[in-house]
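One letter stands for each residue in the lines below.
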Amino acid sequence: QVQLVESGGGLVQPGGSLRLSCVASGSIFRFDAMGWYRQAPGKQRELVAESFTGVGTNYADSVKGRFTISRDNAKNTVYLQMNSLKPEDTAVYYCNARRVTGEQWGQGTQVTVSS
């Protein structure tokens, strides 16, 4: 089973930027998609962005134009570049690896956007 470890979260002011990283313990080619989800207090976990193995990405409407997902297959790493952050982006961000047989999650990293 591949382990996913996120990093890069923290406290940032509105309008600031953060880059999250998700390092997998094995090849990410085995997964159909790698993604980032987030969960704010009292809310359901939601998709932020996903990158499909091969080609294509998908973003939540709320982050389009501000967030960018990318992957370095050689390093088994997926990134989430977050720009123009807003207080409503505050949440725990989780890395997700998905394929037909199931999915795996990282432990999450806290992102807090506040002045």
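A few points on the structure. (Residues numbered from 1 in each chain as written. Predicted model: local features only at pLDDT ≥ 70, side-chain atom pairs only at ≥ 80, totals over all residues. Heavy atoms only, no water.)

### Concerning the state of the cysteines
Throughout the structure, instances matching the rule amount to one disulfide. The disulfide that involves Cys22 links it to Cys95, with 2.1 Å between the sulfurs. One quick way to see it: the torsion about the S-S bond of Cys22 and Cys95 is about -80 degrees, and its sign makes the bridge left-handed. Of this pair, Cys22 sits in strand β3 (residues 18-24) while Cys95 sits in strand β9 (residues 91-99), and the two are 73 residues apart along the sequence. Summarising the burial analysis for this pair, Cys22 and Cys95 share the class buried. (Disulfide = S-S within 2.5 Å. Helix = DSSP H or I, 4+ residues; strand = E, 2+ residues; numbered from the N terminus. Buried < 20%, exposed > 50% of the residue type's maximum accessible area, 1.4 Å probe, protein only.)

### Quick look at the nonpolar core
Judged by nonpolar contacts, the single largest core of 29 residues is most densely connected at Trp36, Leu80, Met82 and Tyr93. Secondary-structure elements contributing two or more residues to this core are β3, β4 (33-39), β5 (46-52), β7 (67-72), β8 (77-82), β9 and β11 (109-113). Not counting the four nearest positions on each side in its chain, Met82 is found in contact with Gly16, Ser17, Leu18, Leu20, Arg66, Phe67, Tyr93 and Val111. (Core = buried A, V, L, I, M, F, W, Y, C linked by side-chain atoms within 4.5 Å. Contact = heavy atoms within 4.5 Å.)

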